[in-house]
2 protein chains.
Amino acid sequence: MPSIRDVARVAAVSHQTVSRVLNDHPSIRPETKQRVLDAITQLDYRPNLAARALVTRSSNVLGVLSASVGEFGPASSIAAIEEAARAEGYSVSTINLPATTPEAIDTAVRQLVREQVAGLVVLAPQLRVFHVLQGMAIGVPYVSLQTASGASGERHAADQVAGARLAVNHLIELGHRDIVHLAGPQDWIEAESRMRGYLDALLDADLPTIPPVRGDWTADFGHFAGRELARRVDFTAVFAANDLMAIGLIHGFRDAGLDVPNDVSVVGFDDIPVAPHIWPPLTTVHQDFPELGRRAVALLVADIRGEERPALGPLEPQLVARASSSHGRRS
Amino acid sequence: MPSIRDVARVAAVSHQTVSRVLNDHPSIRPETKQRVLDAITQLDYRPNLAARALVTRSSNVLGVLSASVGEFGPASSIAAIEEAARAEGYSVSTINLPATTPEAIDTAVRQLVREQVAGLVVLAPQLRVFHVLQGMAIGVPYVSLQTASGASGERHAADQVAGARLAVNHLIELGHRDIVHLAGPQDWIEAESRMRGYLDALLDADLPTIPPVRGDWTADFGHFAGRELARRVDFTAVFAANDLMAIGLIHGFRDAGLDVPNDVSVVGFDDIPVAPHIWPPLTTVHQDFPELGRRAVALLVADIRGEERPALGPLEPQLVARASSSHGRRS
DNA sequence: TTGTACGCGTTATCAT
DNA sequence: ATGATAACGCGTACAA
């Protein structure tokens, strides 16, 4: 591994001049620069990142803090974050939170800071994570990917409330009046936003609200909920907070002899890859997870470089109507 | 940020002694050690990782090189890798290959090596990636997660061939004699292994083989393939190389008026979370992706530390029989 | 425009 | 058992 001094020797300059070339220092004679560049090529020299991090006190690493499991949405976003970060010249160090206790969060953030990450992308959809983060003096720029319903600056995401309204309005337009919400866990920001969109839509339409069912995002829970809900007769449609629960829900209804959409309509959220292919094809709200990740990186990088944050247009979720919702009603 | 010298000052020792305490050097008096430890606690001192990496020429970072997209399996494994690595005291730096060209692979590996990763976990299920890797003098220990059919040492995975045999034997036991394989892309090791398992099972049972259909792992392709296959009458069952394609396939059959499993049986591979909940519930081969990731880390860490590799029992895929396969046949 | 000297925080080597 | 000193590779201040 050649060092900057080896390059200097070959180019017959001081190591300092090499450093200047490396960092695009203005005052350097083109021919000197070329000589250095040639030496660099010749030796296949690569700056030592540790040494650089040591002296600059900051590495070209972006930290990704994730508190979601291996779900489709977050996983897609993380992949996109990773790609976008590399494109900007950053490495990516990921850390998954095993639990969302304040201590675990604290440890994780400290760990990342200790690695001298230049910035942090947080995919921590739980409220408590968000609050802990706000209460921490992190010391590096960070961008939060979780969705919140229109609050302070660090956050950035697709408008979950609007997405949920789309879903529920779709059901209302189909003629449904009694719509149940299969919600996500209480602590999750997305769960709250989607529920609020649900409630807003019902209020706007002067329709009655029914107490929501709290789920855990899993298809297994959806299945369970479907079997339970099938005993009730006070609704004709369900808005599930994500596709996995929606798919499990349909399964549960099927087990109980209820047909979707003829007896009950179901709408999901996320538009996971299987959504169009199951039976019945799932009406859902499409989210562009990769774009979400890219935007987070764009904002973060701007913050790190002290530049103006790019103005990003709204990232609106879109309704994808499929066969799982119709005007059919149970008698 | 206190440095090792600050600690030394507080503990009234030399910074060298502090370093010894940090690295569990044997010859150090317990009382001195305690004094240093107290100082460390008092100052909340954390060793600077960049400085350490600079001098030791190796960081406590494991690199993860992934050439798969955001699919369920790899994503689950990566999450597990990350967790296991943290538990062993390593950070994780991930890099996603945008393409599987030798240049891209080379660049990615170099980048990781430049970050002075202590070791590498490679999730690169394509043959070409594997070959490029073998031809590279990487310079750090690495473990390959992709599956190969019983070849050299670096590889490690669940036995895909055996898994595929399970699937096909299941169909044979149900009475099927004409079984089509919806395969994965040609370059993928898993695709080859699963196809080989398929062929082996047919040969063992003295059954005819039918030219396989090459897919791309996506549900959309499965859907397309289903519609195409529905025109043919030379088979009564399909073994799809993964669940997504299987689900799309069932959709395609449905579009064409074919019922699964009454007209055609379908078996998938992976056991993704929705597999039990779709209609018909998908018979598939279960893989323990997280365990795969954990094992990769265990092996890699042993290599890095120069220890004996732990003896890991076989990680056998398991058949999960559900309703998508039955003895039913098309007339 | 270019070079010298120093410091970043740690570990390794050789004393004591 | 402990300390002094020298690396490690790079960036910055200052000098030339």
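What counts, and where the lines are drawn
The numbering scheme is per chain: residues are counted from 1 as the chain's sequence reads. Each chain takes a letter, starting from A, and each ligand takes a number, starting from 1, following the order in which they are written. Per-residue local features of the predicted model are confined to residues with pLDDT of at least 70, and side-chain atom pairs are confined, for both listing and counting, to 80 or more; whole-chain, interface and lining totals are unaffected and use all residues. Excluded from the side-chain calculations are hydrogens and water; all other atoms, namely the structure's heavy atoms, are used. Here the axes come from fitting lines to C-alpha atoms, over the contacting stretch only for helices, and the angles between their N-to-C directions go from 0 to 180 degrees. Here a strand is any run of E in DSSP of at least two residues, a helix any run of H or I of at least four, and the numbering for each starts at the N terminus. The scheme is simple: roughly parallel for angles under 35 degrees, roughly antiparallel for over 145, roughly perpendicular for 65 to 115, oblique for anything else. We call two residues in contact whenever any of their non-hydrogen atoms come within 4.5 Å of each other. Three classes are used: nonpolar for Ala, Val, Leu, Ile, Met, Phe, Trp, Tyr, Cys and Pro, charged for Asp, Glu, Lys and Arg, and polar for all others, with Gly counted as polar. Nearness of a residue to a molecule or strand requires only that one of the residue's heavy atoms be within 4 Å of it. Nitrogen and oxygen atoms within 3.5 Å of one another constitute a polar contact, given that in protein one can donate a hydrogen and the other can accept it, and given that sequence-neighbouring residues count only through two side-chain atoms. Take the far helix as the reference: if the near one is turned anticlockwise from it by less than a right angle, the crossing is left-handed, and if turned clockwise, right-handed.

Caption draft 1: Representation of the packing of helix α2 (residues 15-22) of chain A against helix α3 (residues 30-43) of chain A within the structure. All names here are of chain A. One can describe the packing of α2 onto α3 by two numbers: an axis separation of 10 Å at closest approach and a directional angle of 90 degrees. The orientation of α2 with respect to α3, classified from their angle, is roughly perpendicular. Facing T17, V18, V21 and L22 of α2, the residues of α3 in contact are T32, K33, V36, L37 and I40. When grouped by side-chain class, the residues that make up the contact of α2 with α3 number 6 nonpolar, 2 polar and 1 charged.

Caption draft 2: Highlighting the protein's contact with DNA strand C. Around DNA strand C sit 30 residues, and of these T17 and T32 of chain A together with I4, Q16 and Y45 of chain B come closest. The protein-proximal atoms of DNA strand C, defined as those within 4 Å of the protein, are 54% sugar or phosphate. Between DNA strand C and H15 of chain B there is a distance of 3.1 Å, counted from a base oxygen to a side-chain nitrogen or oxygen. Residue N48 of chain B places a main-chain N or O atom 2.8 Å away from a phosphate oxygen belonging to DNA strand C. Contributing elements (two or more residues each) for the surface near DNA strand C: α2 and α4 (49-56) of chain A together with α1 (4-11), α2 (15-22) and α4 (49-56) of chain B. Tallying contributions element by element places α4 of chain B first for the surface near DNA strand C, with 5 residues. For the surface near DNA strand C, a count of residues per class yields 10 nonpolar, 13 polar and 7 charged.

Caption draft 3: Representation of the packing of α4 of chain A against α4 of chain B. The contact between α4 of chain A and α4 of chain B brings their axes to 8 Å, and the two run at 145 degrees. Here α4 of chain A runs over α4 of chain B; the crossing is left-handed. Contact residues: A50, A51, A53 and L54 of chain A in α4 of chain A; A50, A51, A53 and L54 of chain B in α4 of chain B. Looking at the contact of α4 of chain A with α4 of chain B residue by residue, the classes come out as 8 nonpolar, no polar and no charged.

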